[in-house]
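Summary of the model geometry
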Amino acid sequence: MVFLTRTGLGVKKQIHSCPQCRQTFTPRPVLVKNIMFAALVEELKKTGLQAAPADHCYAGPEDVSCDVCTGRKLKAFKSCLVCLISFCEKHLQPHFESPAYEKHKLVDPSKKLQENICSRHDEVMKMFCRTDQQCICYLCSMEEHKGHDTVSAAAERTERQRELEVSRQNIQQRIQDREKDVKELQQEVEAINRSADKAVEDSEKIFTQLIRLIQKRSSDVKQQVRSQQETEVSRVKELQEKLEQEITELKRKDAEMKKLSHTEDHTQFLHNYPSLSALSESTSSINIRPLRYFEDVTAAVSELRDKLQDVLREKWTNVSLTVTEVDVLLPQPEPKIRAGFLRYSREITLDPNTANTQLLLSEGNRKATVMSQHQSYSSHPDRFTTYCQVLSRESLTGRCYWEVEWRGRGVCVAVVYKNINRAGLLNECGFGYNDKSWALSCDNNSYTFWYNNITTPVSGPLSSRVGVYLDHSAGILSFYSISETMTLLHRVQTTFTQPLYAGLWFSDYGDTAEFCKPK
């Protein structure tokens, strides 16, 4: 107790007052220590003053709140799977301090603790029924799940954990695979951009060279025409000058003769006549024939233009198809029915410059027939001279399909690199006898596939029509027997390094084969 002292004016007597109970004392009493207040002060010294929780420590609508707090609840710090309630840090302390809580399982705060309670028996579900694939309590295992394959939830968790780890490993492997694929696709994007840029650059150079070549030829023609023009005009003018001189001389002599004809002196007439009557040799007669002058030059240049247009028209299809068939992604699946194959149909014609001289081409160069007499083809470096073979005019890239109708003893239906030899030994230029050609040999009894001089017997229904499917980028080449049904005869999976050309090889006189028009 603490006392206050008051002193009145002119009064020496002192009055002592207690500030808590306001009681006054005279004289001042003996003071003693307030034990309760002192203990409170000591406790405060030990524990310190604790500030009120900050607002962010209180549970919000989305937070798990402490189930023990009264009034405004704090955020839960942990949830107990044994107690099935959640605790803030303060109310969780007994779980750390008392041995009675040692076996309790603490987890991150959860709002789903009640899902661990059996709705039928109000018991914690610590078991798992493998028969029904659900969590149960121990009472369930003795009643409706009696006789089922039951284990502890912990044991099932261990088993599922192993499966989970395997699944995670699979997922992680797939992630690595997909990341690798993404990286490869990015590299493909960069490769496509580089290739496209180079193709544009190279194409521009080639077309520029073509333009310059045409301009050079145009300049040459112009120079030749002008030179010939100058020569011919000079010749004509030279002849014209001679004729004009002769005309002048003749006019002079005519005037003298006229004058002589009017003279009356007979002697003088006879004296001068001989010299006037003798004429100088005349310039050769000029026969002006109808001339075309330089119109033939125009016709020749027009013919060149038409041929260039034909070549450009013919080759432009290949260029355009080559551009549109660029495909770096996974190959499209091979069609299953003939209608699907016909979507990739290509109209194929035979190149006369490659045909052996015993092959007669007809039907718009789609059909070839072996003749006993040689055809009058001009000499060409692309012509096959050893065997009765011929290649298509069109190069084959991307996905394409065509059909060949054949008659006779036998025909080889082939795909070939253009740089195959045109003459020489069998393994140098024969279709299927080298690594530059793939051939299906067809006769009336069997099929045989040939590549690099290796034969593969092929079984399948015999037919006079063969279908060929090519997916150049995927390296797939398939041969089919075509009748009322479509039967796969042989499939090749390889890597094609060059554009391919359709080829035919014949066995005997009268054999024929025709590339069918797409329908």
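Look up a bit, the structure's there.
These numbers were taken from a predicted model, which means no experiment stands behind them. Throughout this description, residue numbers start from 1 for each chain and increase along the sequence as written. The predicted origin of the model limits local features to residues at a pLDDT of at least 70 and limits the giving and counting of side-chain atom pairs to 80 or more, whereas totals for whole chains, interfaces and linings rest on all residues. Neither water nor hydrogens contribute to the side-chain values; these are computed over all heavy atoms in the structure.

1. Notes on the overall build of the protein
Applied cut-off: Note on conventions: DSSP H or I runs of at least 4 residues are helices, E runs of at least 2 residues are strands, and numbering of each starts at the N terminus. Only protein chains enter the accessibility calculation, which uses a 1.4 Å probe; a residue is then buried when its area is under 20% of its type maximum, exposed when over 50%, and partly exposed in between. To measure how exposed things are, a 1.4 Å probe is used in the Shrake-Rupley method; for residues, cover is taken only from the protein chains shown.
Across its full length, the protein holds eight helices and 22 strands. Within the span of the protein, comprising 519 residues, buried residues form 26% of the whole. As displayed, the protein offers around 36000 Å² of accessible surface, 54% of which is attributable to carbon and sulfur atoms.

2. A word on the packing of helix H4 (residues 153–261) against helix H5 (residues 266–277)
Our working definition: With axes taken as lines fitted to C-alpha atoms, and helix axes fitted only over the stretch in contact, angles between N-to-C directions fall between 0 and 180 degrees. For this classification, under 35 degrees means roughly parallel, over 145 means roughly antiparallel, 65 to 115 means roughly perpendicular, and everything else is oblique. Two helices cross in a left-handed way if the nearer one is turned anticlockwise from the farther one by less than a right angle. They cross in a right-handed way if the turn is clockwise. Whether two residues touch is decided by their heavy atoms; if any such pair falls within 4.5 Å, the residues are in contact.
Close contact between H4 and H5 brings their axes to 10 Å; oriented N to C, the two are set at 160°. It follows that H4 is roughly antiparallel to H5 by the angle criterion. Two packed elements cross with a definite hand, and for H4 against H5 that hand is left-handed. The residues of H5 that touch H4, namely those facing Lys253, Glu256, Met257, Leu260 and Ser261, are Gln268, Phe269, Asn272, Tyr273, Ser275, Leu276 and Ser277.

3. A word on the packing of aromatic side chains
Definition in use: Here is the rule: rings of Phe, Tyr and Trp (six-membered ring for Trp) pair when centre to centre is within 6.5 Å. Planes less than 30 degrees apart are stacked, more than 60 are edge-to-face, and the remainder are tilted. Comment: the charge-over-ring label is applied if NZ (Lys) or CZ (Arg) is within 6 Å of the ring centre and within 35 degrees of the ring normal.
In this structure the tally under the stated criterion is 14 aromatic pairs. A ring pair is formed by Tyr417 and Trp438, whose centres lie 5.4 Å apart and whose planes are at 85°; its orientation type is edge-to-face. Separated by 21 residues along the polypeptide, Tyr417 in strand S14 (residues 410–417) and Trp438 in strand S15 (residues 437–443) bring together distant segments of the chain. Each member of the aromatic cluster is reached from another via a ring pair, and the members are Phe384, Tyr387, Phe431, Tyr433, Trp450 and Trp505. When the ring centre of Phe77 is taken as origin, the NZ or CZ atom of Lys78, which lies over that ring, is 6.0 Å away. Just above the ring of Phe384 sits the side chain of Arg422; from NZ or CZ to the centre is 4.8 Å.

4. Comments concerning the sheet that holds strand S18 (residues 465–471)
Spelled out, the test is: In this analysis, strands are considered paired if DSSP registers two or more bridges between them.
In spatial order, the strands read S10-S11-S22-S13-S18-S19-S20; together these seven strands make up an open sheet with antiparallel pairing. Every other strand in the sheet has two partners, leaving strand S10 (359–362) and strand S20 (486–493) as the edge strands with one partner each. Ignoring which end each strand starts from, the neighbouring axes of this sheet average 20° apart. With four bridges connecting them, S10 and strand S11 (residues 367–370) associate as antiparallel partners. Bridge pairing in S11 links Leu360 to Thr369.

5. Thoughts on a nonpolar patch on the surface
Definition in use: Patches here: salt-bridge-free residues with over 30% relative accessible area, like charges joined within 9 Å, nonpolar side chains (Val, Leu, Ile, Met, Phe, Trp, Tyr) joined within 5 Å. Salt bridges are identified by distance alone: a Lys or Arg side-chain nitrogen within 4 Å of an Asp or Glu carboxyl oxygen.
On the surface, a cluster of nonpolar side chains totalling about 600 Å² of accessible area is made up of Ile206, Phe207, Leu210, Ile211, Leu213 and Trp316. Examining the composition of the nonpolar patch, we find that five residues originate from one element, H4, more than from any other. Here Leu213 lies in helix H4. Owing to a relative accessible area of 42%, Leu213 belongs among the partly exposed residues under this scheme.

6. So, the pairing of strand S16 (residues 447–451)
In this structure, S15 lies alongside S16, joined through five bridges in antiparallel fashion. Among the inter-strand pairings, Leu440 is bridged to a residue of S16, identified as Phe449. Where S15 hands over to S16, the hairpin turn is made up of three residues, counted between the paired strands. Where S16 meets strand S17 (residues 454–458), five bridges bridge the pair, whose relative direction is antiparallel. Across the sheet, residue Thr448 finds its bridge partner in S17, namely Pro457. Between the end of S16 and the start of S17, which pair antiparallel, lie two residues, with Asn452 showing a positive phi angle near 55°.

7. Digging into unusual backbone geometry
Even without glycine at this site, Leu84 takes up a positive phi of about 60°. Looking at the secondary structure, you find Leu84 in the loop between strand S4 (78–80) and strand S5 (85–87). Taking the relative accessible area as the measure of exposure, Leu84 reaches 9% and is therefore buried. Not every positive phi belongs to a glycine, and Gln133 is a case in point at roughly 55°. The topology assignment puts Gln133 in the loop between strand S7 (127–129) and strand S8 (134–136).

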